[in-house]
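The chain contents come next:
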Amino acid sequence: MTTLYTKETLEENPTSLQAWEREVFTRFSEKLSSKKALFPCIPATQGFALNQIRYGFLRDIRTDESAQDLKELLARYTKISRSTGKYASLIVFAETPEDAVKTYKVEDYYTWFWKTLNTLAQEDEKEWPMHIPKDANDPSWEFCFHGERYFMYCATPAHKRRQSRSFPCVMLAITPRWVLETFNATKQKSQRVQEAIRKRLVAYDSLEPHQDLNVYGTENNYEWKQYFLTDDETSHAKCPFEHLWKEKHSK
């Protein structure tokens, strides 16, 4: 059975984890708390400091079990997220064996990521929210699961230039839309923080912020493009989720 952890439980009971789980959580803690290389996402650093983030682990990304683990974790998280604080988020670390780290390219992780999201959508026990388009190329589209809207972020070992998307194992940061709506409720404050995030991003990465980074709901913004950024300036033209979604609902 998959487990949702708090920062305190992970720090106080490290022996309950596998070696790779202890290692990646330590690396994550260092990444979010570093005073020299400030992690760009300010709300994430605040959520980490305030212990409002929840954590989970997935089995080997080369197996079908990883998607099933995520399905179970996200279903459980959806039920409790609103009680964890205004900086709520779910961080998921997926076991990424050394041979995968050595051989997988960014596109291999991209394939895994969208295959996993498709599995979640196809096996979701709840209906897709009526007010959210089913076409990923609609600016109002975003990933939904168990009736909740989520922003998905993926980091991988293959990302090198874009350090904001680099991590020793596959890592997902899953943030409920209501968190982002609350954060953006005060326009002036939101703009200041977004400017600060962008400034940090420029300093953190070895290339300019990706062209696909945008604001949800604005014209020509596509959320799916922001979930998994390339490690260069290129952009994917079609969303892998769209085709499988249509296939599911055409039966």
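The structure displayed is predicted, hence computed values, not measured ones.

## Description of the overall build of the chain
Within the chain, the regular secondary structure consists of ten helices and five strands. For the chain, the C-alpha radius of gyration of 17 Å lies close to 18 Å, the compact-globule estimate for 251 residues. Principal-axis analysis of the C-alpha atoms gives the chain an extent of 50 × 45 × 40 Å. In the chain, buried positions account for 52% of the 251 residues. Restricting to contacts in the chain with at least 6 residues of sequence separation, those with at least 24 account for 70%. Accessible area of the chain: about 12700 Å², with a carbon and sulfur share of 50%. Within the chain, the 36 negative side-chain charges are centred at a point lying 5 Å from the centre of the 36 positive side-chain charges.

## Here's the deal with the environment of Arg-76
When you line up the elements, Arg-76 lands in helix 4 (residues 65-80). For Arg-76, a relative accessible area of 29% gives the class partly exposed. Considering only alpha carbons, one finds Arg-76 and Ser-33, 43 residues apart in sequence, at a separation of 27 Å.

## Topic: the packing of aromatic side chains
Tallied over the entire structure, the rule returns 24 aromatic pairs. Centre to centre, the rings of Phe-28 and Phe-48 are 5.9 Å apart; their planes meet at 80 degrees, and the pair counts as edge-to-face. In this pair, Phe-28 sits in helix 2 (residues 19-33) while Phe-48 sits in helix 3 (residues 42-49), placing the two residues 20 residues apart along the sequence. You'll find Phe-28 and Phe-48 in the same group, each marked buried. Through successive ring pairs, a cluster of aromatic residues spans Tyr-110, Phe-113, Trp-114, Trp-128, Trp-141, Phe-143, Phe-151, Trp-224, Tyr-227, Phe-228 and Phe-241.

## Observations concerning the pattern of salt bridges
Overall, the coordinates contain eleven salt bridges when judged by the stated rule. Where Arg-149 meets Glu-181, a salt bridge forms, and the shortest distance between an N and an O atom there is 3.0 Å. Note that Arg-149 is positioned in strand 4 (residues 148-155) and Glu-181 in helix 7 (residues 177-183), a separation of 32 residues in sequence. Among the residues examined, Arg-149 registers a relative accessible area of 16% and is labelled buried. On the accessibility criterion, Glu-181 (42% relative accessible area) is partly exposed. When the shortest N-O distance is used, the salt bridge between Glu-233 and Arg-161 registers 3.8 Å. With Glu-233 in the loop between helix 9 (223-227) and helix 10 (240-249) and Arg-161 in the loop between strand 4 and strand 5 (170-176), the pair connects residues that are 72 residues apart, well separated along the chain. On the basis of relative accessible area, Glu-233 is assigned to the partly exposed category, the value being 48%. By relative accessible area, which is 35% here, Arg-161 ends up partly exposed. One network of salt bridges, with partners in common, ties together Glu-142, Arg-149, Arg-177, Glu-181 and Glu-223.

## Overview of the pairing of strand 1 (residues 53-58)
With respect to burial, strand 1 is a largely interior element, six of its six residues being buried. Where burial is concerned, the two faces of strand 1 agree: the one with Ile-53, Tyr-55 and Phe-57 and the one with Arg-54, Gly-56 and Leu-58 are both buried. Note that strand 1 and strand 2 (residues 89-94) share six bridges and pair parallel. Within the sheet, the bridge partner assigned to Ile-53 lies in strand 2 and is Ser-89.

## Details of the state of the cysteines
Applying the stated criterion across every chain yields a total of zero disulfides. The thiol of Cys-41 is unpaired, and the distance to the nearest cysteine sulfur, on Cys-154, comes to 15 Å. Of all cysteine sulfurs, the one in Cys-154 lies closest to Cys-169, which takes part in no disulfide; the gap is 9.7 Å. Accessibility expressed as a relative area gives 3% for Cys-169, which makes it buried.

## Some details on the environment of Lys-31
Relative to the helices and strands, Lys-31 is located in helix 2. Of the residues examined, Lys-31 reaches a relative accessible area of 12% and is grouped as buried. Along the chain, Lys-31 and Phe-167 lie 136 residues apart, while their C-alpha atoms are 9.2 Å from each other. With residues near it in sequence (within four places) discarded, Lys-31 still touches Ala-37, Phe-39, Gln-163, Ser-166, Phe-167 and Tyr-204. A polar contact of 3.3 Å, which involves the side chain of Lys-31, links it to the backbone oxygen of Gln-163.

What counts, and where the lines are drawn
Residues numbered from 1 in each chain as written. Predicted model: local features only at pLDDT ≥ 70, side-chain atom pairs only at ≥ 80, totals over all residues. Heavy atoms only, no water. Helix = DSSP H or I, 4+ residues; strand = E, 2+ residues; numbered from the N terminus. Rg over C-alpha atoms; globule rule 2.2 N^0.38 Å. Buried < 20%, exposed > 50% of the residue type's maximum accessible area, 1.4 Å probe, protein only. Contact = heavy atoms within 4.5 Å. Areas by Shrake-Rupley, 256 points an atom, 1.4 Å probe, with all protein chains shown as cover. Lys, Arg positive; Asp, Glu negative; His and termini not counted. Charge placed at Lys NZ, Arg CZ, Asp CG, Glu CD. Phe/Tyr/Trp six-rings, centres within 6.5 Å; stacked < 30°, edge-to-face > 60°. Salt bridge = Lys/Arg side-chain N within 4 Å of Asp/Glu carboxyl O. Pairing = 2+ DSSP bridges. Disulfide = S-S within 2.5 Å. Polar contact = N/O pair within 3.5 Å; in protein donor to acceptor, adjacent residues only side chain to side chain.

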